[in-house]
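So you can see what is in the structure, the chains are spelled out below.
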Amino acid sequence: MGAPIDLRAIRLLFTAALAVGASGCISAEGTAQTRAANDFQCPEDAVTVASIGGTSFRADGCGKSGVYNCAASDTYKGSASNYACVPEGPPATLVQPGAPMAPAAPPPAAAPPPALAPAPAPAPAPTTPGPTS
């Protein structure tokens, strides 16, 4: 019989192999989801991501939406191993179906008509000098 098998060493090697293998499986879609969750301040599993062409993705979650453009930021032996995703702009707030709309602002009040100036007082009647004594 051979030497006894050290199960701890096998577990350690297996865990290391999984970690190395998983590091090469980072996708642009997953990176967009992570970035959107951070930007939306939302749990990652509540964010949905859909490709809108190339490496651009629309992300929706927690009442917000945004478009993310991704690009490979690292390459290893010709394949992308890491992505960077940047938003096209700030997240937009979505209106939830059935949610009450915010009341519209009332129209501005009409300005009152300008006050009329009082009519000028009549000028005093001219006086003619009389005889002086």
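Since the structure is predicted, the reported quantities are computational estimates derived from the model, not experimental observations.

## Focus: the pattern of salt bridges
Phase 1: Scanning the model with the defined rule gives 2 salt bridges in all.
Phase 2: A salt bridge links Asp-39 to Arg-35; the nearest nitrogen and oxygen atoms lie 3.3 Å apart. In this pair, Asp-39 and Arg-35 both sit in helix α2 (residues 28–40), 4 residues apart, roughly one turn of the helix.
Phase 3: A relative accessible area of 30% places Arg-35 in the partly exposed class.
Phase 4: In this structure, the salt-bridge partner of Arg-58 is Asp-60, at a minimum N-O distance of 3.0 Å.

## Overview of the state of the cysteines
Phase 1: Per the stated rule, a full pass over the model turns up 2 disulfides.
Phase 2: The disulfide partner of Cys-42 is Cys-62, and the S-S distance across this bridge is 1.9 Å. On the S-S bond that ties Cys-42 to Cys-62, the torsion sits near 70°, and the link is right-handed. Placement of the pair is Cys-42 in the loop between α2 and β1 (48–53) and Cys-62 in the loop between β2 (56–61) and β3 (64–76), with a sequence separation of 20 residues.
Phase 3: Residue classification places Cys-62 among the partly exposed residues on the basis of a relative accessible area of 47%.
Phase 4: In this model Cys-70 forms its disulfide with Cys-85; the gap between the sulfur atoms is 2.0 Å. Since a negative S-S torsion denotes a left-handed disulfide, the Cys-70-Cys-85 link at about 110° is right-handed. Taken together, the positions of Cys-70 in strand β3 and Cys-85 in strand β4 (residues 79–87) put the pair 15 residues apart, joining distant regions of the chain. The exposure classification of Cys-70 matches that of Cys-85, with both residues buried.

How each quantity is defined
Residues numbered from 1 in each chain as written. Predicted model: local features only at pLDDT ≥ 70, side-chain atom pairs only at ≥ 80, totals over all residues. Heavy atoms only, no water. Salt bridge = Lys/Arg side-chain N within 4 Å of Asp/Glu carboxyl O. Helix = DSSP H or I, 4+ residues; strand = E, 2+ residues; numbered from the N terminus. Buried < 20%, exposed > 50% of the residue type's maximum accessible area, 1.4 Å probe, protein only. Disulfide = S-S within 2.5 Å.

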